[in-house]
Amino acid sequence: MWCRRLARLYPETRGLVSTLAKRQHRWEPKLLQSSPSVVRWLSTAPDAHECSWVLHPDHFELSYSGSSMRFDYVWLRDHCRSASCYNTKTNQRSLDTASVDLDIKPAQVRVDETSLYITWPDGHMTRYRLEWLSQNSYEGQKQQFVQPRKLWNEKIYKEANIRGVSYLEFMETDEGLRDFLHNFLLYGIAFVDDVPATREHTQSVAERISHIRETIYGKMWDLTSDFSRGDTAYTKLALDRHTDTTYFQEPCGMQLFHCLRHEGTGGRTLLVDGFYAAEQVREHHPEEFELLSNLPMRHEYIENVGGCQNHMIGIGPVLNVYPWNKELYMIRYNNYDRSVINTIPYNLARRWYTAHRILTTELRKTDNELWVKLKPGKVLFVDNWRVLHGRESFTGYRQLCGCYLTRDDVLNTARILGLKA
Ligand SMILES: C[N+](C)(C)CCCC[C@H](N)C(=O)O
Ligand SMILES: O=C(O)CCC(=O)C(=O)O
Ligand SMILES: [Fe+2]
């Protein structure tokens, strides 16, 4: 009867209503028999947000604005936003999920133009806005990128003609910081210009984004070719493209480089978008992409130089993708610091090396290389979960300073400024 009433109210959707009503009978005869009291009709909303729904024995199916979504009943109970289940002041759940019957089913369901209303067997009422459900469904998330990015090779990056933000804009305006972070999130690299060439000013630039991640290199680090630390970085040798701190369980998210002085030749910085290369591998060699994203590799930093004794270990795949949408979120690539492979059986070793070779070939294509000469005043920020850096060998005195930031903290600032991150 209700259905007919709705069909009268919105005569243009009558066809849809009757088709779905038939399917619904075919889909869950059990529920029809066992809970005759459950409201099972289909509802439609006017204009663009056409909506229909079906109660299945173990889940609720919703079609809203052209997309179809399914919600388990336990999920619907657990996400209840009522005052006793959810604290809107703290944005935290108060409901004890463990107290919910895992076989819970609604006693009553009603849908109007904007919302779904559920009454549970104990009388508790839950209301969801349909818009909220559609934004928070798995089906919706699956089709979305967590982070929108522009993947680049040299040509793409140069043609994008991205303007570096100036020190003053960056330090003193929210727009400056937001523009900077926007570029950083899209491209995985960004520059701030006209920074006074001191360690202290570099630190304030970093702290404008968030607090610094203190590591075995300290808070701010200095880099000269004095071999003061037991790592090739502290020499004049060339360094092939790599990401840093692969030997941490959580590699650092962002790295800053500021060249304070260089009297000599060479020493240019190399930047390569690891995700651009990885996506080429995904497209042309899907099995190898799969191997690189599944097989864990050990990375290690063992230092015993001067007064420094360190032993760090980080294990994880080269390519890291979110399980629900397969989006890349981190590349861990450092052939210097990759340790003994003892995390995979012998019969996968050759296949892993083949996959690694394919990725390396991609990363080494000259078209993918962006070379920059860092100068005093120009601070480079690198997304160390995405963009690889390296350097040309050099002569003379060269002094860099910089620091690391944690990815969570950088993204936090970006979100507070209204960016999708
Ligand atoms: C940046 N800073 C000079 C402090 C670190 C050098 C660390 C180098 C190390 N092999 C790695 O790739 O993590
Ligand atoms: O010397 C450089 O330009 C960079 C060295 C390096 O890879 C690092 O410090 O992480
Ligand atoms: Fe490095």
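Residues numbered from 1 in each chain as written. Chains lettered and ligands numbered in written order. Predicted model: local features only at pLDDT ≥ 70, side-chain atom pairs only at ≥ 80, totals over all residues. Heavy atoms only, no water.

Looking at an unreviewed UniProt entry, one finds the protein named Trimethyllysine dioxygenase, mitochondrial and attributed to Engystomops pustulosus. Note on the protein: under the UniProt heading Catalytic activity (unreviewed entry), the record states "N(6),N(6),N(6)-trimethyl-L-lysine + 2-oxoglutarate + O2 = (3S)-3-hydroxy-N(6),N(6),N(6)-trimethyl-L-lysine + succinate + CO2". (UniProt positions renumbered as here; feature names shortened; annotations may be inferred.)

Trainee: Is there a simple way to explain the nonpolar core in this structure?
Mentor: If you look at soluble globular proteins, the nonpolar side chains tend to sit buried side by side. One finds Phe170, Phe180, Leu181, Ile209, Met254, Leu256 and Phe381 to be the most contacted residues of the largest nonpolar core, which totals 30 residues. Counting only elements with at least two residues in this core, the list comes to α8 (167-172), α9 (174-187), β10 (189-193), α10 (199-209), β14 (254-263), β21 (379-383), β23 (397-405) and α14 (407-416). When residues no more than four places from it in sequence are discounted, the contact partners of phenylalanine 381 are Phe170, Phe180, Phe184, Gly188, Ile189, Ala190, Val192, Val205, Ile209, Met254, Gln255 and Leu256. Counting residues in hydrophobic clusters, the runner-up holds 27 residues, among them Tyr187, Leu223, Ala233 and Cys259. (Core = buried A, V, L, I, M, F, W, Y, C linked by side-chain atoms within 4.5 Å. Buried < 20%, exposed > 50% of the residue type's maximum accessible area, 1.4 Å probe, protein only. Helix = DSSP H or I, 4+ residues; strand = E, 2+ residues; numbered from the N terminus. Contact = heavy atoms within 4.5 Å.)

Trainee: Would you explain the packing of helix α12 (residues 286-294) against helix α13 (residues 346-363) in this entry?
Mentor: Each pair of packed helices can be summarised by the angle the axes make with each other and by the distance between the axes. One way to put it is that α12 packs onto α13 with a least axis distance of 9 Å and a crossing angle of 110 degrees. Classified by the angle between their axes, α12 and α13 sit roughly perpendicular to one another. Packed against α12, whose contacting residues are Glu288, Leu291 and Leu292, the element α13 presents Leu348, Arg351, Trp352, Ala355, His356, Ile358 and Leu359 at the interface. Looking at the contact of α12 with α13 residue by residue, the classes come out as seven nonpolar, one polar and two charged. (Axes fitted to C-alpha atoms, helices over the stretch in contact; angles between N-to-C directions. Parallel < 35°, antiparallel > 145°, perpendicular 65-115°, else oblique. Nonpolar A, V, L, I, M, F, W, Y, C, P; charged D, E, K, R; others polar.)

Trainee: Honestly, the coordination of the iron ion (ligand 3) in this entry has me stumped. Any pointers?
Mentor: Note on metal geometry: ideal angles are 109.5 degrees for four donors arranged tetrahedrally and 90 or 180 degrees for six donors arranged octahedrally. Bound to the iron ion (ligand 3) are the protein donor atoms His242 (NE2), Asp244 (OD) and His389 (NE2), situated 2.1 Å from the metal. Each donor residue of the iron ion (ligand 3) lies on one chain, and together they are spaced H-x1-D-x144-H. Here the residue histidine 242 occupies a position in strand β13 (residues 239-242), and histidine 389 occupies one in strand β22 (residues 387-391), the gap between them amounting to 147 residues. Histidine 389 carries the same exposure label as histidine 242, and that label is buried. (Donors = N, O, S within 2.8 Å, 3.2 Å for Na, K, Ca; no water.)

Trainee: What should I look at first to understand the sheet that holds β13 in this one?
Mentor: Hydrogen bonds along the backbone pair up the strands of a sheet, which may run parallel or antiparallel. Strand order in the open sheet formed by four strands is β13-β22-β15-β20, and the pairing between neighbours is antiparallel. Each end of this open sheet is capped by a strand with a single partner; those strands are β13 and β20 (369-372). Direction aside, the axes of adjacent strands within the sheet are offset by 20 degrees on average. In terms of strand pairing, strand β15 (residues 269-273) meets β22 through five bridges, oriented antiparallel. (Pairing = 2+ DSSP bridges.)

Trainee: Got a minute to help me understand the site of ligand 2 in this structure?
Mentor: All residues adjacent to ligand 2 are Leu223, Leu239, His242, Asp244, Gln255, Phe257, His389, Arg391, Arg398 and Leu400. Here ligand 2 has 290 Å² of accessible area as a free molecule, and 93% of this is covered by the chains. Mapped onto the shell around ligand 2, the elements with two or more residues apiece are β13, β14, β22 and β23. (Near = heavy atom within 4 Å. Areas by Shrake-Rupley, 256 points an atom, 1.4 Å probe, with all protein chains shown as cover.)

Trainee: Just checking my understanding: could you explain the UniProt feature "domain: TauD/TfdA-like" (unreviewed entry) in the protein for this structure?
Mentor: Using the residue numbers shown here, the UniProt feature "domain: TauD/TfdA-like" (unreviewed entry) corresponds to residues 161-404. With 28% helix and 32% strand, the stretch residues 161-404 has end C-alpha atoms that lie 26 Å from each other.

Trainee: How should I be thinking about the confidence of the model for the protein in this particular structure?
Mentor: Interpretation of this model should avoid reading the predicted coordinates in detail wherever pLDDT is low. Averaged over all residues, the pLDDT of the protein is 90; the fraction at 70 or higher stands at 89%. This model gives residues 1-43 a pLDDT under 50, and the stretch forms 60 contacts once residues within four places in sequence are excluded. Interface confidence for the predicted complex, given as ipTM, is 0.99, next to a pTM of 0.89. (pLDDT = per-residue confidence, 0-100.)

Trainee: What's the story with the pattern of salt bridges in this structure? I'm lost.
Mentor: Between side chains of opposite charge, a pair can form when the charged atoms approach closely. A full pass over the atoms with the stated rule returns 18 salt bridges. Note that aspartate 193 is salt-bridged to lysine 378, the shortest N-O span being 3.0 Å. On the criterion of sequence distance, the pair formed by aspartate 193 in strand β10 and lysine 378 in the loop between β20 and β21 is long-range, its members being 185 residues apart. For lysine 378, a relative accessible area of 27% gives the class partly exposed. Here glutamate 263 ties to arginine 261 by a salt bridge, and the two come within 3.1 Å at their closest N and O atoms. Relative accessible area serves as the criterion here: at 47%, glutamate 263 is assigned to the partly exposed category. Linked through salt bridges whose partners overlap, the residues forming this network are Asp240, Arg241, Arg364 and Glu369. (Salt bridge = Lys/Arg side-chain N within 4 Å of Asp/Glu carboxyl O.)

Trainee: What's the story with the packing of aromatic side chains in this structure? I'm lost.
Mentor: If you walk through the whole model with that rule in mind, you get 20 aromatic pairs. Their ring planes at 15 degrees and their centres at 4.6 Å tell us that tyrosine 322 and tyrosine 329 sit as a pair that is stacked. Given a relative accessible area of 21%, tyrosine 322 falls into the partly exposed group. Classification of tyrosine 329 by relative accessible area gives partly exposed; the value is 23%. Taking 5.4 Å as the distance between ring centres and 75 degrees as the angle between the ring planes, the aromatic pair formed by tryptophan 352 and tyrosine 353 counts as edge-to-face. Judged by relative accessible area, tryptophan 352 falls into the buried class, the value being 0%. The class of tyrosine 353 is partly exposed, set by a relative accessible area of 41%. Positioned above the aromatic ring of tyrosine 117 is the side chain of arginine 110, whose terminal nitrogen or guanidinium carbon lies 4.3 Å from the ring centre. Note that lysine 378 overlies the ring of phenylalanine 191, its terminal NZ or CZ placed 4.8 Å from the centroid. (Phe/Tyr/Trp six-rings, centres within 6.5 Å; stacked < 30°, edge-to-face > 60°. Lys NZ or Arg CZ within 6 Å of the ring centre and 35° of its normal.)

Trainee: When you look at the side chain of asparagine 334 in this model, what are you seeing that I'm missing?
Mentor: Tracing the backbone through its elements, the reader meets asparagine 334 in the loop between β19 (328-331) and α13. Separated by 3.0 Å, the side chain of asparagine 334 and the backbone nitrogen of tyrosine 336 make a polar contact. There is a polar contact of 3.1 Å between the side chain of asparagine 334 and the backbone nitrogen of aspartate 337. In this view, asparagine 334 contacts His242, Thr243, Thr246 and His299; residues no more than four positions away in its chain are not counted. (Polar contact = N/O pair within 3.5 Å; in protein donor to acceptor, adjacent residues only side chain to side chain.)

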